[in-house]
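# Architecture and fold: a report
Chain by chain, the residues run as shown.
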Amino acid sequence: MKIIRRTATTPSLLPDHLHPVLKRIYAARGIRSAQELDYALAHLHSPAAFASTQPLLGASGTGPGGMEHAVALLAAALAGNKRIVIVADFDADGATSCALAIRALRLMGAQDVHYVVPDRFKYGYGLTPEIVTATVPMAADLLITVDNGISSIEGVRAARQLGMQVIITDHHLPGAELPAADAIVNPNLPEEDFPPHKDVPVSREAGRRERPSKHLAGVGVIFYVMLALRAHLRTLGWFEQRKLAEPNLAQLLDLVALGTVADVVPLDHNNRILVAQGLQRIRSGRCIAGIRALLTVAGRNTERICASDLAFAAAPRLNAAGRLEDMALGIECLLCDDYTAALDMAQRLDTLNRERRSIESEMQEQALSALKSMRLDTEAALPHGLCLFDPDWHQGVIGILAARIKERTHRPVIAFAPASEHDIKGSARSVPGLHIRDVLDSVAARHPGLLTKFGGHAMAAGLSLRRADFETFSTAFDAEVRRHLSADALQGSVQSDGELSSDELRLEVAEMLRNADPWGQGFPEPLFDGEFEVLNQRRLGEKHLKLSLRHPQGQQPLDAIAFNIAEDDRLRLENSTRAHLVYKLDVNDYRGQRSLQLIIEHAVD
């Protein structure tokens, strides 16, 4: 494992009152001024920054509207009391997006709003023609996709042939063709790279024009649509005419925070505002019953939660429904306002998550066994792009499996499971420097007909192909990855914020870093490295180590724990009295007593 220490990338104008450790951490993440650390809602980008129109669709000569048209369609649906059906995705981002859309529309007077979420095992992802057919008995006038739809060419066509209007809200990367929806709102459409229209308001800060965040999660996109809808209804006098209280949509930011963190989108400044504001609401006891219940069954104190609690406690339990059964259970938990009922649903989700972990553990053992058989003499014998398939693997867990194997092998991984007798589905996870969706696009271009479906992000993607083509695809995928990544790029590395002195290894510093939340993708939680004396250690279960350490210049022992430690790291620690460790600072809260604890990530030579 190679350690790369972060350094400041730009001149810093951070205030002198910041603690030196925090100051260097911010500087290493490109933060130049205190303004970039201000997470007040006043600094959130305006919904008006989204394009009001979209490009033409080519031969048809017509194109979808953008934000402005989406809002007009929604306002007309509310005024005409039309039936609105939300088409959700089956992950945490999709579930939070769906719950937010329904809650917001009801707050704005919608009387007839429903949802449908695809069964991943029956329908697959997105607005498919089969899902459209399933909505026919619901007599939908308007379909709104959340966290999906940008690749639903056939599904949108089917819906419009049945007389339904369709609004796509998504954040996934578009393909060469856009669906013929009535309106599309997606920050990752190509034209959203251009400067905003001239009528977009100029930000008060630095006189720059506001732009939407390219990194919004699906829940962030639909939140912006609801903000724009509320503003439009306000200009119409909607709330006064109907004697409705104008809703404070900030009350939905707990959902935005959970979905944003769960989908692991980069936390640029705009997303950090959304997450920080959502966390603030949860800590103050103003979150919805479902999120409170999810955190409770995970054993988290809502008054002290941080973004990592959403990522590793709430999100996995919510995701478990979509992975193993039906995400409707997760959505209902997020829509429920009765805490007792929400807690019952959260406990059912917790049970599903325990089942998911058991399935994942067995699949991971099988995958690691397969890797051993693939290796010859060295790690270099593995393909650059690694594909794994087992006919007994669970389709709902392959994404987690791919992520785990990627962490072990330091290379892009696609894990496949059966989708039908003749087809398989894959979930891909990439490494820095490799845009996995672009790689799949290149494979599809070089081998027409090999992939039956694919889509996704830079770091994660999904795909389908015929089972008989697995070996052909594996070879093609490895060849494409080799065009982009050298063998050196596949060596494991970790970025560190450097060493801490013995005086800096204190509870107060750990508390300070926790309070500087949100940390996450693209704005990583501080990680340090340094030499320590290993005083003693003991195993906790099969996969954890509890240690007592001492800093070379320190006198007091330090508590540390290594969760799910890799076998090589465990052996290195068990055979050493001194070790170079990569770690995080954490606060251990046990029976009301708070103390410093080091979370060991790696032990390096």
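Our subject in this report is the structure included herewith. What you see is a predicted model; the values in this text were computed from it and never measured.

How each quantity is defined
- Residues numbered from 1 in each chain as written.
- Predicted model: local features only at pLDDT ≥ 70, side-chain atom pairs only at ≥ 80, totals over all residues.
- Heavy atoms only, no water.
- Pairing = 2+ DSSP bridges.
- Helix = DSSP H or I, 4+ residues; strand = E, 2+ residues; numbered from the N terminus.
- Axes fitted to C-alpha atoms, helices over the stretch in contact; angles between N-to-C directions.
- Contact = heavy atoms within 4.5 Å.
- Buried < 20%, exposed > 50% of the residue type's maximum accessible area, 1.4 Å probe, protein only.
- Patch = residues over 30% accessible without salt bridge, like charges linked within 9 Å, V, L, I, M, F, W, Y side chains within 5 Å.
- Areas by Shrake-Rupley, 256 points an atom, 1.4 Å probe, with all protein chains shown as cover.
- Salt bridge = Lys/Arg side-chain N within 4 Å of Asp/Glu carboxyl O.
- Lys, Arg positive; Asp, Glu negative; His and termini not counted.
- Charge placed at Lys NZ, Arg CZ, Asp CG, Glu CD.
- Parallel < 35°, antiparallel > 145°, perpendicular 65-115°, else oblique.
- Nonpolar A, V, L, I, M, F, W, Y, C, P; charged D, E, K, R; others polar.
- Polar contact = N/O pair within 3.5 Å; in protein donor to acceptor, adjacent residues only side chain to side chain.

## Things to note about the sheet that holds strand E5 (residues 165–169)
Reading across from one edge, E3-E2-E4-E5-E6 is the order of the five strands in this open sheet, with parallel pairing throughout. Edge strands, defined here as strands with exactly one partner in the open sheet, are strand E3 (113–116) and strand E6 (183–185). Neighbour-to-neighbour, the strand axes of this sheet turn through a mean angle of 20°, independent of strand direction. As defined by bridge partners, E5 adjoins E6 across three bridges and the pair is classed as parallel. In the sheet register, Ile167 faces E6, and the bridge partner there is Ala183. Contacts from helix H6 (residues 218–235) reach strand E4 (142–146), E5 and E6 within the one sheet, and its direction differs from that of E5 by about 120°.

## Some points on the pairing of strand E15 (residues 558–562)
E15 sits mainly inside the fold: four of its five residues count as buried. Of the pairings in the sheet, the one linking E15 to strand E17 (residues 593–604) comprises two bridges and is parallel in character. Note that in E17 the partner of Ile561 across the bridge is Ile599.

## Concerning a negative patch on the surface
Together, Glu362, Glu365, Asp392 and Glu542 make up a region of like negative charge exposed at the surface. Positionally, Glu365 belongs in helix H13 (residues 339–374). Assessed through its relative accessible area of 57%, Glu365 is described here as exposed.

## A closer look at the sheet that holds strand E16 (residues 578–590)
With mixed pairing, five strands are arranged side by side around a closed barrel as E13-E14-E15-E17-E16. The average undirected angle you get between the axes of adjacent strands in this sheet is 45°. By the bridge criterion, five bridges tie strand E14 (residues 544–550) to E15 in an arrangement that is antiparallel. Following the sheet pairing, Lys546 is matched in E15 by Ile561. Relative to E17, helix H18 (residues 567–574) is tilted by about 105°, and along the sheet it contacts strand E13 (528–540), E14, E16 and E17.

## Let's talk about the packing of helix H10 (residues 289–297) against helix H11 (residues 307–324)
Where H10 contacts H11, the axes come no closer than 9 Å and their chain directions differ by 105°. On the basis of their axis angle, the class for H10 and H11 is roughly perpendicular. Listed contacts from H11 to Leu294, Leu295 and Val297 of H10 are Asp309, Ala314, Arg317 and Leu318. For the contact of H10 with H11, a count of residues per class yields five nonpolar, no polar and two charged.

## Concerning the environment of Arg300
Here Arg300 is to be found in the loop between H10 and H11. Separated by 66 residues in the primary sequence, Arg300 and Gln366 place their C-alpha atoms 32 Å from one another. Not counting chain neighbours up to four residues away, the residues in contact with Arg300 comprise Leu295, Ile305, Asp309 and Ala313. One polar contact links Arg300 to Asp309, side chain to side chain, over a distance of 2.7 Å.

## Here's the deal with the pattern of salt bridges
Opposite charge on two side chains permits them to pair, given that their charged atoms come into close proximity. Summed over the entire model, instances satisfying the criterion amount to 31 salt bridges. As a salt-bridge pair, Arg348 and Asp344 come within 3.9 Å of each other at their nearest N and O atoms. Note that Arg348 and Asp344 are positioned in helix H13 at a spacing of four residues, about one turn of the helix. Judged by its relative accessible area of 45%, Arg348 is partly exposed. Of the charged contacts in the structure, one is a salt bridge between Arg483 and Glu480, with a shortest N-O distance of 2.8 Å. Of this pair, Arg483 and Glu480 both sit in helix H16 (residues 470–484), three residues apart, roughly one helical turn.

## Describing the environment of Val219
Within the secondary structure, Val219 is located in helix H6. The exposure class assigned to Val219 is buried, which follows from its relative accessible area of 0%. Taking the C-alpha atoms as reference, Val219 lies 20 Å from Pro190; in sequence the two are 29 residues apart. Beyond its immediate stretch of four places on either side in the chain, Val219 contacts Asp93, Thr96, Ser97, Leu100, Leu255, Val256, Gly259 and Thr260.

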